[in-house]
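Analysis of the macromolecular model
Each chain, letter by letter, is given below.
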Amino acid sequence: MSDIADRVKKIVIEHLGVDAEKVTDNASFIDDLGADSLDTVELVMAFEEEFGVEIPDDAAETILTVGDAVKFLEKNAG
Amino acid sequence: MFNLEGKAALVTGATGGIGEAIARALHAQGATVALSGTRAEKLEALANDLGERVFVTPANLSDREAVDALVPAAEAAMGKLDILVNNAGITRDNIFMRMKDEEWEQVLEVNLTSNFRICRAAIKGMMKRRAGRIIGITSVVGVTGNPGQVNYAAAKAGMIGMYKSLAREVASRNITVNTIAPGFIETAMTDALNEKQKESILVSVPAGRLGTAAEIASASVYLASDEAAYITGQTIHVNGGMAMI
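I will try to describe carefully the structure that is included in this document. (Residues numbered from 1 in each chain as written. Chains lettered and ligands numbered in written order. Predicted model: local features only at pLDDT ≥ 70, side-chain atom pairs only at ≥ 80, totals over all residues. Heavy atoms only, no water.)

1. Here we look at the packing of helix α3 (residues 64–78) of chain B against helix α4 (residues 101–129) of chain B
Residue and element names in this part refer to chain B. Direction vectors running N to C along α3 and α4 enclose 35°, while the axes themselves pass 9 Å from each other. For the pair α3 and α4, the sense of crossing is right-handed. The residues of α4 that touch α3, namely those facing Arg64, Val67, Asp68, Leu70, Val71 and Glu75, are Glu109, Thr113, Ser114, Arg117, Ile118, Ala121, Ala122 and Gly125. Residues of the contact of α3 with α4, tallied by class, amount to six nonpolar, three polar and five charged. (Axes fitted to C-alpha atoms, helices over the stretch in contact; angles between N-to-C directions. Helix = DSSP H or I, 4+ residues; strand = E, 2+ residues; numbered from the N terminus. Left-handed = near helix turned anticlockwise from the far one by under 90°. Contact = heavy atoms within 4.5 Å. Nonpolar A, V, L, I, M, F, W, Y, C, P; charged D, E, K, R; others polar.)

2. So, the interface of chain A and chain B
Often, the extent of an interface is quoted as the loss of accessible area upon association of its parts. Contact residues are listed per partner, giving eight residues for chain A and eight residues for chain B. In total, chain A and chain B occlude about 660 Å² of area from one another, counting both sides; carbon and sulfur atoms represent 54% of this. The largest contributions to the chain A side of the interface with chain B come from Leu38(A), Glu42(A) and Met45(A), which together make up 72% of the buried area. At the boundary of chain A and chain B, one finds six salt bridges. For the pair chain A and chain B, the interface holds five residue pairs in polar contact (both at pLDDT 80 or more). When residues in the side of chain A that touches chain B are grouped by element, the largest group, six residues, is from helix α2 (residues 37–51) of chain A. Looking at the side of chain A that touches chain B residue by residue, the classes come out as two nonpolar, one polar and five charged. (Buried area = accessible area lost by both parts, 1.4 Å probe. Salt bridge = Lys/Arg side-chain N within 4 Å of Asp/Glu carboxyl O. Polar contact = N/O pair within 3.5 Å; in protein donor to acceptor, adjacent residues only side chain to side chain.)

3. Some thoughts on the packing of aromatic side chains
All names here are of chain B. Within the structure shown, the criterion is met by one aromatic pair over all chains. Considering the side-chain rings of phenylalanine 2 and tyrosine 222, the 5.8 Å spacing of their centres and the 90° angle between planes classify their relative orientation as edge-to-face. Here phenylalanine 2, found in the segment before β1 (8–11), pairs with tyrosine 222, found in helix α9 (residues 213–224); they are 220 residues apart in sequence, far enough to count as distant. With relative accessibility at 28%, the residue tyrosine 222 sits in the partly exposed group. (Phe/Tyr/Trp six-rings, centres within 6.5 Å; stacked < 30°, edge-to-face > 60°. Buried < 20%, exposed > 50% of the residue type's maximum accessible area, 1.4 Å probe, protein only.)

4. Details of the nonpolar core
Grouped together as the largest cluster of nonpolar side chains are 39 residues, with contacts concentrated most on Leu10(B), Leu61(B), Leu84(B), Ile134(B) and Val177(B). Secondary structure elements with two or more residues in this core: α2 of chain A together with β1, α3, α4, α6 (150–170) and β6 (175–182) of chain B. Looking at which element gives the most residues to this core, the answer is α4(B), with 10 residues. Contact partners of Val177(B), with chain neighbours within four places excluded, come to Ile134(B), Tyr163(B), Leu166(B), Ala167(B), Val170(B), Thr232(B), Gly233(B) and Gln234(B). (Core = buried A, V, L, I, M, F, W, Y, C linked by side-chain atoms within 4.5 Å.)

5. What about helix α1 (residues 3–16) of chain A?
All names here are of chain A. The end-to-end C-alpha distance of α1, which contains 14 residues, comes to 20 Å, matching closely the 20 Å that a straight helix rising 1.5 Å per residue would cover. All of the buried residues along α1 are Ile4, Ala5, Val8, Lys9, Ile11, Val12 and Leu16. End-on view of α1: buried residues confined to an arc of 160°, all on one side of the axis. Opposite its buried face, α1 presents the exposed residues Lys10 and Glu14, each directed more than 90 degrees away. A positive backbone phi angle near 60° is found at glycine 17, which sits one or two residues after α1. (Expected span 1.5 Å × (residues − 1). Arc of directions from axis to C-beta.)

6. As for the side chain of Arg133(B)
Residue and element names in this part refer to chain B. You can see arginine 133 is positioned in strand β5 (residues 132–137). The buried charged residue arginine 133 lacks any salt bridge partner; its closest oppositely charged side chain belongs to aspartate 226, at an N-O distance of 4.5 Å. In this structure the side chain of arginine 133 is engaged in a polar contact, spanning 3.1 Å, whose partner is the backbone oxygen of leucine 223. Residues contacting arginine 133, with those up to four places away along its chain left out, are Asp82, Ile83, Leu84, Met126, Asn174, Thr176, Leu223, Ala224, Ser225, Asp226, Ala228 and Ala229. (Lys, Arg positive; Asp, Glu negative; His and termini not counted.)

Structure below.
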């Protein structure tokens, strides 16, 4: 598991208060992890802060699962 | 009670009678205040008068770029934004049958669209900090209607609906979103009325007098305070009883 994936999962676990084993690559924030639409906005803001990147709205709308976030950040962070 | 020390506030339309009173009142309760308006010299004069904990961030709210730059400028100056007071507004009165597209559009742009854009810019930081106060100055006419003001009344009613919806979205993040609806208030605008006009207005006000800008400012201090944490999506009517809703 990449360092980015670890950091993403840590943020998701903390923010949504879910068990670590539920936070798999395929887990959907809303359908599997109980996030509401406001939570997803806050997760994106938390990713922006953690990785020092700007995630534009049109990109943010495509980040639906943990894996989506990891993929986006592996491509765009650092 | 109502201590605002350590809080950072942005007030739009701070050169107007009500905006200035709100800025003074928030400042008097200890808040750091960013003053916005179109007339920079007037803002500077108010800032000099207030002394410490004051910044000047002018903006013309009919210019969308200036609107979008306002909250970032205020956050850069103060380090954060806890309290947003959207007070700025314009009138372009005309009877409905004579109302021009430009009169309609200008009032909607400045009084409603800029309001939306400023709130959108401010909400991000408030979400992160899980705290915030958004206060919009609407008007009694947004609820009761007023002949000659279809544009103004539409914009002010629009604000109320927008603020209620936003209030529902962000309530779980400890952000409250409320409006204050002044009735007839002593300002430069009402000073222009003659005695006869004033008398005919006062017939509809049970309190028998015009309100003062300071009385609007008091309501804003309350809504901005920690004590008002459980009030959201509301409109506080400050109108001497002229409309009881």
